[in-house]
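# An overview of the molecular structure
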Amino acid sequence: MAEPPLSPQSPGPALPLRARLSFACGHFLNDACSALWFTYLLPFLHAVLGYGHAAAGGLLLAGQAADGLCTPLLGFEADRAHGCGRCGRRKGWHLAGTTCVLVSFPFVFSPCLACRDSTPQWAAFIYYLPFIIIFQFGWAATQVSHLALIPELVSSDHGKVELTAFRYAFTVMANITVYGLTWLLLNFQTDQPDRMEHLGPQDIPVFRNLALIVVGLGAVFSLIFHLGTKEKPYPPGVLPEPEESTPLLHKEPPGPPRPLLLWKDWLLEPSFYQVAVLYMATRLIVNLSQTYIAMYLTNSLLLSKKYIATIPLVMYVSGFLSSFLMKPVNKWIGRNLTYFVGILVVLAFASWVALARPVGDEIYGLAVLLGAGSATILVTSLSMTADLIGTNTHSSAFVYGAMSFTDKMANGLAVMVIQNLHPCPTELCCPACVGFYRWVMVLVTGGIAVAAVTTLCSIMVWPIRIRCRAVSLQGLRSARTPESGTGSTEGDSHSSTVN
């Protein structure tokens, strides 16, 4: 039975808890695969399969480049799509992306089926490349479509924060699942007890089984998402009416029709680039620290391989707990200060790593700092992106795709640079790499955090809002209704401002 239309002055009904939970399930597969990809790909290729630093970095760069190129193109196409069958335009792309991930990801963490000991590394590179590209295409399609649903499902400012926090809570749950399974699989290896301390070829079944379990669990959560999330279907050629997604924080008087903000219009908005740089810096901190934490633990701190599961697990437990504080903290001190608090926690982690060598239980304190800080800045940066979009949900997939493009390309290039700077080109690790990974962790957290603070300062001076369209609307409305142009323009100019 169709719901009665909403008046322009009345907000939409609050999203039920069941709908919020089912929406959050939609990214579980992506998050679990991402945890495996960033945390364990380099150790798997280096220590388990024995590939060189350049080959391992090249595969990761190829994956990030494929993801980065696919993301904005998929965002553009997803905004133009009209849905497929009973799936809306967002859920249709989500289903296609999920299918690609399910069929390709298990091959990434399995040994080359046709390779032998004498097979050159370039041949193995060619073998893994198609699976990685298909996986990254599916990952990008799922991510963009899922993020683009946020401003379509809720319209209030704090509703977006809450839905983003639910999403991140499930992100952390997915990571906790991955690291918990890794700990179980590593600790229940009893066939070779004399080789349990360090990663090696005997751990191939661990990573293969881990990938298969993750794909199975992700398929179940994706099914829950598609059954429990209701996307409003749009007839071909018809976009959602602006008044049905108007934010609760302001009400506009009746006026001339609002022009749609297309993808090329976003490229003229200064706030688009502010948010893109902040999101890129945030993702660099989160992803690079996740990529090199295992190498730091095993090569710099010389810990046994069980710590590559327990330390990331502690990080994501702290991130899970802190994610529930995002809504009240954001409401109390605002977006900008919430992000700044998260950056301070990340800087505390970097300072600790730089000034002291953690021993014993201190390493768990470091994990708590990095997990809480990463959760805070990631949730807040995603909320800022939703604020930038505002009521322009018809082009939201392009915005999220462009934001993701910057972070994917930056992550891939950063990993390749780090891999080429490795002091042991022909060995897994030599004495020089003990300090190398320590300073990698310092620079990818503390160094990038300084750049993020600089961008945040620019947002404090020039708040996030749609500027170019506000100017065009002022000219349009002053030509039609001179007496009402100023008030309407002020409403448009401030509608997307972040405090």
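What you are looking at is a predicted structure, and each value in this text was computed from that prediction instead of being measured.

Looking only at helices and strands, the protein chain features 18 helices and zero strands. Residue burial in the protein chain is summarised as follows: out of 499 residues, 56% are buried. Expressed as a percentage of contacts within the protein chain between residues at least 6 apart in sequence, the contacts between residues at least 24 apart total 83%. By element, 69% of the accessible surface of the protein chain is carried by carbon and sulfur atoms, the whole surface being about 20600 Å².

This paragraph deals with the packing of helix H4 (residues 89-108) against helix H8 (residues 204-228). Between H4 and H8, the least distance of the axes is 10 Å, while the angle of their chain directions is 165 degrees. When the axis of H4 is compared with that of H8, the two are roughly antiparallel. The handedness of the crossing between H4 and H8 is left-handed. Contacts between H4 and H8 involve Lys-91, His-94, Leu-95, Thr-98, Leu-102, Phe-105 and Pro-106 from the former and Ala-211, Leu-212, Val-215, Ala-219, Ser-222, Phe-225 and His-226 from the latter. Residues that form the contact of H4 with H8 fall into these classes: nine nonpolar, four polar and one charged.

Overall, the coordinates contain two salt bridges when judged by the stated rule. Note that Asp-67 and Lys-408 form a salt bridge whose closest N and O atoms lie 3.5 Å from each other. Linking Asp-67 in helix H3 (residues 53-80) with Lys-408 in helix H15 (residues 396-420), this pair joins segments that are 341 residues apart in sequence. Residues Asp-203 and Lys-305 are paired through a salt bridge, measuring 2.8 Å at the closest nitrogen-oxygen approach. Note that Asp-203 is positioned in the loop between helix H7 (157-187) and H8 and Lys-305 in the loop between helix H10 (270-300) and helix H11 (307-323), a separation of 102 residues in sequence. Comparing Asp-203 with Lys-305, the two get one shared label, buried.

Here the focus is the side chain of Gln-64. Position of Gln-64 among the secondary structure elements: in helix H3. The class of Gln-64 is buried, set by a relative accessible area of 1%. A distance of 3.2 Å separates a polar atom in the side chain of Gln-64 from a polar atom in the side chain of Trp-37. When residues no more than four places from it in sequence are discounted, the contact partners of Gln-64 are Trp-37, Phe-38, Gln-136, Lys-408, Met-409, Asn-411 and Gly-412.

The geometry of an aromatic ring pair is captured by the separation of the ring centres together with the interplanar angle, meaning the angle of the planes. The full count for this structure, using the stated rule, is 16 aromatic pairs. Look at Trp-37 and Phe-135: their rings are 5.7 Å apart centre to centre, the planes differ by 45 degrees, and that puts the pair in the tilted class. Remark: Phe-135 occurs in helix H5 (residues 121-148) and Trp-37 occurs in helix H2 (residues 28-48); sequence separation between them is 98 residues. Here the two residues Trp-37 and Phe-135 agree in accessibility, since each one is buried. Residues Phe-44 and Phe-109 carry aromatic rings whose centres are separated by 5.3 Å and whose planes lie at 45 degrees to one another, so their mutual orientation is tilted. Taken together, the residues span a long stretch of sequence, with Phe-44 in helix H2 and Phe-109 in the loop between H4 and H5 at a distance of 65 residues. Judged by relative accessible area, which is 0%, Phe-44 ranks as buried. The exposure class of Phe-109 is buried, given its relative accessible area of 0%. Aromatic rings pair up to connect Trp-37, Tyr-40, Phe-44, Phe-105, Phe-109, Phe-135, Tyr-179, Phe-207 and Tyr-316 into one cluster.

Next up on the list: the nonpolar core. Residues Leu-36, Tyr-40, Phe-105, Phe-109, Tyr-292 and Tyr-296 are the most contacted members of the largest nonpolar core, which totals 122 residues. When neighbours within four sequence positions are excluded, Tyr-40 is seen to be in contact with Ala-35, Phe-109, Val-178, Tyr-179, Thr-182, Phe-207, Ile-308 and Ala-309.

In this section: empty space enclosed by the protein. Throughout the structure, instances matching the rule amount to eight cavities of 30 Å³ or more. As a volume, the largest cavity reaches approximately 190 Å³. Asp-31, Ser-34, Thr-171, Arg-283 and Leu-378 are the residues nearest the centre of the largest cavity, which is lined by 17 residues in total. At the level of elements, H2, H7, H10 and helix H14 (362-389) are the ones that each hand at least two residues to the lining of the largest cavity. Here the residues of the lining of the largest cavity sort into seven nonpolar, six polar and four charged.

On average, residues of the protein chain score 77 in pLDDT, and 76% of them reach the 70 mark or higher. Predicted confidence for residues 1-11 stays below pLDDT 50, and this span has seven contacts to residues more than four positions away or in other chains. Across residues 235-257, confidence stays below pLDDT 50; counting only partners more than four residues off in sequence or on other chains, it has 31 contacts.

Contact pair H10 / H11: the axes reach a minimum separation of 9 Å and the direction vectors enclose 135 degrees. Comparing the axis directions of H10 and H11 gives the class oblique. In this structure, H10 crosses over H11, and the sense of that crossing is right-handed. Of H11, the residues touching H10 (which contributes Gln-290, Ile-293, Ala-294, Leu-297 and Thr-298) are Tyr-307, Ile-308, Ile-311, Pro-312, Met-315 and Tyr-316.

Another aspect to go through is a nonpolar patch on the surface. On the surface, Leu-337, Phe-340, Leu-344, Met-460, Val-461 and Trp-462 cluster together to form a nonpolar patch covering roughly 580 Å² of accessible area. Residue contributions to the nonpolar patch peak at three residues, all from helix H13 (residues 335-355). Along the polypeptide, Val-461 turns up in helix H16 (residues 433-461).

This part takes up the side chain of Asn-175. Position of Asn-175 among the secondary structure elements: in helix H7. Once residues within four sequence positions are removed from consideration, Asn-175 is found in contact with Asp-31, Ala-35, Gln-290 and Tyr-316.

Calculation notes
- The residue count restarts for each chain, going from 1 along the sequence in the order it is written.
- For this predicted model, a pLDDT threshold of at least 70 governs which residues receive local features, and a threshold of 80 or more governs which side-chain atom pairs are given and counted, while totals over whole chains, interfaces and linings are taken from all residues.
- Heavy atoms from the whole structure form the basis of all side-chain values; hydrogens and water molecules are not counted.
- Secondary structure elements follow DSSP: runs of H or I of four or more residues count as helices, runs of E of two or more count as strands, with numbering from the N terminus.
- Only protein chains enter the calculation, and the probe is 1.4 Å; a residue is then buried if its accessible area is under 20% of its type maximum, exposed if over 50%, and partly exposed in between.
- Whether two residues are in contact is decided by their heavy atoms: any pair within 4.5 Å suffices.
- Surface accessibility in these figures is a Shrake-Rupley result with a 1.4 Å probe; residues are shielded only by whichever protein chains are displayed.
- Here the axes come from fitting lines to C-alpha atoms, over the contacting stretch only for helices, and the angles between their N-to-C directions go from 0 to 180 degrees.
- The scheme is simple: roughly parallel for angles under 35 degrees, roughly antiparallel for over 145, roughly perpendicular for 65 to 115, oblique for anything else.
- In this scheme, a crossing is called left-handed if the near helix is turned counterclockwise away from the far one by less than a right angle; it is called right-handed if the turn is clockwise.
- Each residue gets one label: Ala, Val, Leu, Ile, Met, Phe, Trp, Tyr, Cys and Pro are nonpolar, Asp, Glu, Lys and Arg are charged, and the others, such as Gly, are polar.
- Salt bridges are counted wherever a side-chain nitrogen of Lys or Arg sits within 4 Å of a carboxyl oxygen of Asp or Glu.
- Polar contacts here mean pairs of N or O atoms no more than 3.5 Å apart (in protein, one a potential hydrogen donor and the other a potential acceptor; neighbouring residues in sequence count only if both atoms are side-chain atoms).
- Pairs were defined over the aromatic rings of Phe, Tyr and Trp, the Trp ring being its six-membered one, requiring ring centres within 6.5 Å. Orientation was assigned from the angle between planes: stacked under 30 degrees, edge-to-face over 60, tilted for the rest.
- To form a nonpolar core, buried Ala, Val, Leu, Ile, Met, Phe, Trp, Tyr and Cys residues must be joined to one another through side-chain atoms within 4.5 Å.
- Cavity and pocket criteria rest on a 1 Å grid covering protein atoms alone: a 1.4 Å probe that fits but cannot get out defines a cavity, protein on both sides within 12 Å along at least 5 of 7 lines defines an open pocket, and an atom within 4 Å of a point defines a lining residue.
- Grid points are joined across faces, edges and corners, and a volume is the space filled by probe spheres set on the points.
- Per residue, pLDDT measures the predictor's confidence, with a range of 0 to 100.
- A patch consists of residues whose relative accessible area exceeds 30% and which take part in no salt bridge; residues with like charges are grouped when within 9 Å of each other, and nonpolar side chains (Val, Leu, Ile, Met, Phe, Trp, Tyr) when within 5 Å.

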